[in-house]
Amino acid sequence: MSDPGTSTPPAEPPADRYGTRAPRRRSGRGRTVAVVAGLAAAVAVVAWFSFDQSRDQPVSFDAVGFEVQGPERTDITFQVHMPPGTTAVCTVDALAPSYAQVGTLDVPVGPADESTSTYTVQIRTSEEATTAVVADCATTS
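All chains use their own residue numbering, which begins from 1 and follows the written sequence. Reporting of local features is limited, given that this is a predicted model, to residues whose pLDDT is at least 70; pairs of side-chain atoms are given and counted only at 80 or more, and all residues count toward the totals for whole chains, interfaces and linings. With hydrogens and water set aside, each side-chain value is computed from the structure's full complement of heavy atoms.

A word on the side chain of D75
1) Next: In this structure, D75 sits in strand β2 (residues 73-81).
2) Next: Within the local environment of D75, its side chain forms a polar contact with the side chain of Q69, the two groups lying 3.1 Å apart.
3) Next: We call two residues contacting when some pair of their heavy atoms lies within 4.5 Å. Residues in contact with D75, not counting those within four places in the same chain, are G65, F66, E67, Q69, V121 and Q122. Numbering of helices and strands runs from the N terminus; a helix is a DSSP stretch of H or I covering at least four residues, while a strand is a stretch of E covering at least two. Throughout this description, a polar contact denotes any pair of N or O atoms lying within 3.5 Å of each other; where both atoms belong to protein, one of them has to be capable of donating a hydrogen while the other can accept it, and for residues adjacent in sequence the pair is counted only when both atoms sit in side chains.

This is the structure in structure tokens:
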């Protein structure tokens, strides 16, 4: 039996069990450089995509409202935002409850003196629609 007044030293792992070198501390400087380089690359990619989109598509649009006139027609009112003097074609769709396209129309818009123009058009439908949307607007040459 051991004497309660004496204590035994804690056991140590066998020599070379975990290697002979002490673990290296990673430099915070290398990690910082990698993070900064990654962020700079991400900013460059986002800027490139933003510039590319604004150059090719200076047109944006908003659906203002729609009115179902019956099983053969739906009216849609929408706004187009683009630089004055620009022309574009907007595609508007009438959709059934299943989101199936039941009518579509390509609408030439512009040129206008203002940057925002409002249009109301009639979409002929093959069956009664429950909504109308602006699918896309793209500049014309």
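Brief notes about the sheet that holds strand β3 (residues 88-95)
1) Next: What makes two strands pair is DSSP finding at least two bridges between them. Judged by pairing direction, the sheet is antiparallel, and its three strands sit side by side in the order β4-β3-β6 without closing on themselves. Each having just a single partner strand, β4 (101-109) and β6 (131-139) make up the two edges of the open sheet. Taken pair by pair, the neighbouring strands of this sheet meet at an average axis angle of 20°, ignoring direction.
2) Next: Bridge analysis of β3 against β4 gives eight bridges, and the strand direction is antiparallel. When the sheet's bridge partners are listed, T91 is paired in β4 with D106. Comment: axis = line fitted to C-alpha atoms, over the contacting stretch for helices; angle = value between 0 and 180 degrees taken between N-to-C directions.

Let's talk about the environment of A88
1) Next: Within the secondary structure layout, A88 lies in strand β3.
2) Next: Residues A88 and A138 lie 50 residues apart in sequence; the distance between their C-alpha atoms is 5.3 Å.
3) Next: When residues no more than four places from it in sequence are discounted, the contact partners of A88 are V59, M82, V107, P108, V109, A138, T139 and T140.

A look at the nonpolar core
1) Next: Among buried residues, those of type Ala, Val, Leu, Ile, Met, Phe, Trp, Tyr and Cys that are joined through side-chain atoms within 4.5 Å constitute a nonpolar core. Categorising residues by exposure relies on relative accessible area from a 1.4 Å probe, with only protein chains included: less than 20% of the type maximum marks a residue as buried, more than 50% marks it as exposed, and the intermediate range marks it as partly exposed. If you look at the biggest cluster of nonpolar residues, it comprises 20 residues, and the most contacted ones within it are I76, F78, V80, V92 and V109.
2) Next: Contributing elements (two or more residues each) for this core: β2, β3, β4, β5 (116-124) and β6.
3) Next: In terms of residue count, β3 provides more of this core than any other element does, four residues in total.
4) Next: The contact partners of V92, leaving out residues within four places of it in the chain, are I76, F78, G103, T104, L105, V107, V121, I123, V133, V134 and A135.

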